Amino acid sequence: MDDSRDRELGMHRKITRRDFINGVAVTAGASVMPRHFFAAGSADPEKSPDYYPPSLTGLRGSHPGSFDAAHSLRDGTFWESAGKPEDTGETYDLIIVGGGISGLAAAHFYRKSAGENARILILENHDDFGGHAKRNEFQAGKRTLIGYGGTYSIESPEPYSAVAKSVIEELGVNVSSFPRFLERSLYSTDGRVPKIFFDRENFGADKLVDDPCPFPGGETFDLAVAGPDAWAYFLAEAPIAERARKDVSRLCRDNKDYLPRLNSEQKKDRLARISYAQFLTDVAGMHPDVVRVYQSISQPLFGVGIEAIAALDAADTGYPGFKGMGLEAEGLTNERTYFFHFPDGNATIARLLVRKLIPQAVPGDSVTDLVTAKANYARLDEASSPVRIRLNSTAVRVKHLGDIATSKEVEVSYTRGGKVYTARAKNSILACWHVVIPYICDELPGKQKEALASAQKVPLLYTNVLLPNATAFHKIGANSIYAPSGYHTHVDMDLPVSVGDYHCPRTPDEPVVIHMSKSPCKAGMPARDQHAAGRIELYGASFARIERKIREQLAQILGPGGFDPARDIAAITVNRWPHGYAYEYSSLWDKFVLDGGETPCDVARKPLGRIAIANSDAGARAYTDEAINQAHRAVGEITKA
Ligand SMILES: Cc1cc2nc3c(=O)[nH]c(=O)nc-3n(C[C@H](O)[C@H](O)[C@H](O)COP(=O)(O)OP(=O)(O)OC[C@H]3O[C@@H](n4cnc5c(N)ncnc54)[C@H](O)[C@@H]3O)c2cc1C
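Residues numbered from 1 in each chain as written. Predicted model: local features only at pLDDT ≥ 70, side-chain atom pairs only at ≥ 80, totals over all residues. Heavy atoms only, no water.

Visitor: Describe the packing of aromatic side chains, and please don't skip the residues or the numbers.
Guide: Following the criterion strictly, the structure yields 23 aromatic pairs and no others. Through a chain of ring-to-ring contacts, three or more aromatic side chains come together here, namely Tyr148, Tyr152, Phe178, Phe181, Phe339, Phe340, Phe342 and Tyr462. If you follow lysine 374 out to its NZ or CZ, it ends over the ring of tyrosine 52, 4.5 Å from the centre. Residue placement shows arginine 397 over the ring face of tryptophan 79; its charged tip is 4.2 Å from the ring centre. (Phe/Tyr/Trp six-rings, centres within 6.5 Å; stacked < 30°, edge-to-face > 60°. Lys NZ or Arg CZ within 6 Å of the ring centre and 35° of its normal.)

Right, here's the structure in full:
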């Protein structure tokens, strides 16, 4: 990349785009983050008053240093260089591996069963708690802006279970009150509507066109409402074949039955066996350009394009083409009403759980004050507290002491700051990613290890960019942009939500955090292979490379609104999730979905002696309610044993 282009893009500009720890800039991509904390001389870096992960920018999510130990276990090299584990002498009732919502919920359920004095240790390999539910903070002068680095909202295609609902209620979240916090008409009153960006590289011209038929599945909830003249703009301006434009109109507006000879059950069976792309071309007779336009629309929800999702899943999600097909609602469960989006997404749920478990670590006593509350990380791991959360600590071995059938204790080894430690507990819950478990729990049967290893997660990139103002978005009249062939396929203003003392940006001259998302996938391969390829891509991408892509993409889309990437980017946080969503079974790729029988997650989550298994992977559903449901089941298994 030549230097003058880099200058135009602002690659040399001083922004808060890299990690700063103890005043030292950490080069992006280097595997230094937690080690750097420890290198600063402290055995407990979390005790430093400067330790506040949400405000770190640069490469976050699975940040450098968080995964080295797990990858070394996978490669069989960890124990070669690990010293003899040091016994901490600590004993607990329960040690939980993984400080995501499932691990935190497991601690919550266990205390309900065993009492508030039960001693619990939660080990988490990242520098923050919450797992995918990650909070990003930005400083714009004196104002703090909040973004979500992962888990976006309380929502699920299936109704929340009674157990999951009761946790949300106990935490004090009244889901039905959400409309009170949402400024629903903020964008539409000043003419900001969903748009599609067609790029010159793939569509022959850079064109931003009203999206006449915004699909669910982005981050826009019910603000995904087309502008009043959207069809006129789209039909006149979209740079695709004229027939394709008309076909899009037909698809979205006609309620046609494309399989009139089949009954509802037969239609569902047929739709389960073909992709949505095939449905569009082969069943609905759409021009191939329609597939090009909508190719990436499914990525935020499924992690793959429409050639790799089943048409039945597209129908279930509410994608166009199915309204006139007479599909009976059973099995079509798009529950959009149980919804709540906090500015930091479900990091609020994680923070509420931590407040319940360790009240001294998260000040305040209401949901609304929590949104702006600053967690005190120094208090997460105190000997005097019955519940302790130990960050920057990767569990590397979990085993029963003695014979599994008669054992009274489990020993957990973990690595932290380059050393290995052990602690003991009566029970352990593995609420971590299932692909990790075979490497840390050798005692499990081979068949179970295979099932655990098959839970290949869906990689995702959630980028937050702080802009000094939103004037470019106002000028181009957009609140969300779908870019079918962009590096990030979605560029969105967040839902305008104000809670407690937190006020979302309202006017064009206020600083704003925009959200960009990408699912690294390789169209044409089976879904699991696409996820594996995407994972490799994400681990291999340096921050500088992603930063350049962000700058190029924003310049291309927002340039006509006066956006200058060298001037108008104040900070960047890239949340990289090579192990993102739990893998959800698909009738296209997983034979047992249609044939029936035991699923891999049925086998994967079986308890063994004093060890139980949680995480959303255990239900093969990438949702917060599933993380909670699985925690509840796992706690039930160890408490009744
Ligand atoms: C980008 C993104 C957006 C999402 N959006 C939504 C949404 O809007 N709504 C929704 O309901 N769901 C969403 N999800 C799904 C999300 O995964 C679940 O909602 C939920 O947060 C999962 O919680 P969990 O505890 O099961 O897993 P995780 O959050 O992944 O937590 C597991 C934790 O275990 C840790 N761990 C792994 N191995 C070890 C080890 N050896 N030692 C110590 N710790 C270990 C991991 O690092 C991780 O922090 C999203 C996921 C992603 C990635």
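Visitor: With reference to specific residues and values, describe empty space enclosed by the protein.
Guide: Tallied over the full model, the rule gives five cavities of 30 Å³ or more. By volume, the largest cavity amounts to about 200 Å³. Contributing to the lining of the largest cavity are 20 residues, with Ile146, Asp494, Leu495, Pro505 and Val513 lying nearest its centre. For the lining of the largest cavity, the elements supplying multiple residues, two or more each, are strand 7 (143-148) and strand 17 (512-518). Here the residues of the lining of the largest cavity sort into 15 nonpolar, four polar and one charged. (1 Å grid on protein atoms, 1.4 Å probe; cavity = no way out; pocket = protein on both sides within 12 Å on 5 of 7 lines; lining within 4 Å. Points joined across faces, edges and corners; volume = space filled by probe spheres on them. Helix = DSSP H or I, 4+ residues; strand = E, 2+ residues; numbered from the N terminus. Nonpolar A, V, L, I, M, F, W, Y, C, P; charged D, E, K, R; others polar.)

Visitor: If you had to explain the side chain of asparagine 575 to someone new, which residues and values would you point to?
Guide: Tracing the chain through its elements places asparagine 575 in strand 18 (residues 571-581). In terms of polar contacts, asparagine 575 uses its side chain to reach the side chain of asparagine 136, at 2.7 Å. With sequence-adjacent residues up to four places away left out, asparagine 575 is seen in contact with Arg60, Gly61, Lys134, Asn136, Gly149, Leu460, Leu461, Tyr462 and Asn464. (Polar contact = N/O pair within 3.5 Å; in protein donor to acceptor, adjacent residues only side chain to side chain. Contact = heavy atoms within 4.5 Å.)

Visitor: An account of the sheet that holds strand 15 (residues 478-482) is needed here, citing residue identities and associated values.
Guide: In space, the eight strands of this open sheet follow the order 3-18-14-17-16-15-8-9, with mixed pairing throughout. Looking at which strands have only one partner, the edges of the open sheet turn out to be strand 3 (58-61) and strand 9 (207-210). For this sheet, the mean angle separating the axes of adjacent strands, direction not counted, is 25 degrees. As paired elements, strand 8 (residues 193-198) and strand 15 share four bridges and run parallel to each other. Residue pairing for strand 15: valine 193 is matched across the bridge by alanine 478. (Pairing = 2+ DSSP bridges. Axes fitted to C-alpha atoms, helices over the stretch in contact; angles between N-to-C directions.)

Visitor: Run through the site of the ligand, naming residues and quoting values.
Guide: Among the 35 residues in the neighbourhood of the ligand, the closest are listed as Asn125, His132, Trp433, Ser616 and Thr624. Measuring from an oxygen atom of the ligand, one finds a backbone N or O atom of serine 102 at 2.8 Å. At a separation of 2.9 Å, a nitrogen atom of the ligand approaches a polar backbone atom of alanine 395. Protein burial of the ligand: of its 990 Å² of free accessible surface, 99% is covered by the chains. Those elements that provide at least two residues to the shell around the ligand are helix 5 (101-114), strand 11 (394-400), strand 14 (458-467), strand 18 and helix 26 (624-640). Counting residues per element, the shell around the ligand draws most heavily on strand 18, which supplies three residues. For the shell around the ligand, a count of residues per class yields 16 nonpolar, 17 polar and two charged. (Near = heavy atom within 4 Å. Areas by Shrake-Rupley, 256 points an atom, 1.4 Å probe, with all protein chains shown as cover.)

Visitor: Mind laying out helix 20 (residues 446-453), listing which residues take part and the relevant values?
Guide: Of the positions making up helix 20, those classed as buried are Gln448, Lys449, Ala451 and Leu452. Down the axis of helix 20, the buried side of the element spans an arc of 160 degrees, and every buried residue falls inside it. Residues of helix 20 that are exposed and point more than 90 degrees away from the buried face comprise Lys447 and Glu450. On its buried side, helix 20 packs onto helix 19 (437-440), helix 25 (600-604) and strand 19 (611-613). (Buried < 20%, exposed > 50% of the residue type's maximum accessible area, 1.4 Å probe, protein only. Arc of directions from axis to C-beta.)

Visitor: Mind laying out unusual backbone geometry, listing which residues take part and the relevant values?
Guide: Here the phi dihedral of asparagine 615 falls at roughly 85 degrees; this positive angle occurs in a residue that is not glycine. Along the chain, asparagine 615 turns up in the loop between strand 19 and helix 26. With relative accessibility at 8%, the residue asparagine 615 sits in the buried group. A positive phi angle is found at alanine 620, which is not glycine, with a value near 50 degrees. Tracing the backbone shows alanine 620 in the loop between strand 19 and helix 26. In this structure alanine 620 comes out as buried when scored by relative accessible area, which is 6%.

Visitor: Which residues make up the pairing of strand 12 (residues 410-416), and what values do they have?
Guide: Sheet faces and side chains relate simply in a regular strand, where the side chains alternate between the two faces. For strand 12, the buried fraction is high: seven of the seven residues fall into the buried class. The two faces of strand 12 match: Val410, Val412, Tyr414 and Arg416 on one face and Glu411, Ser413 and Thr415 on the other face are all buried. Sheet topology places strand 11 next to strand 12; six bridges connect them, and they run antiparallel. In the strand pairing of strand 12, histidine 400 is matched with valine 410. As judged from the seven bridges shared by strand 12 and strand 13 (residues 419-430), these two strands associate in the antiparallel manner.

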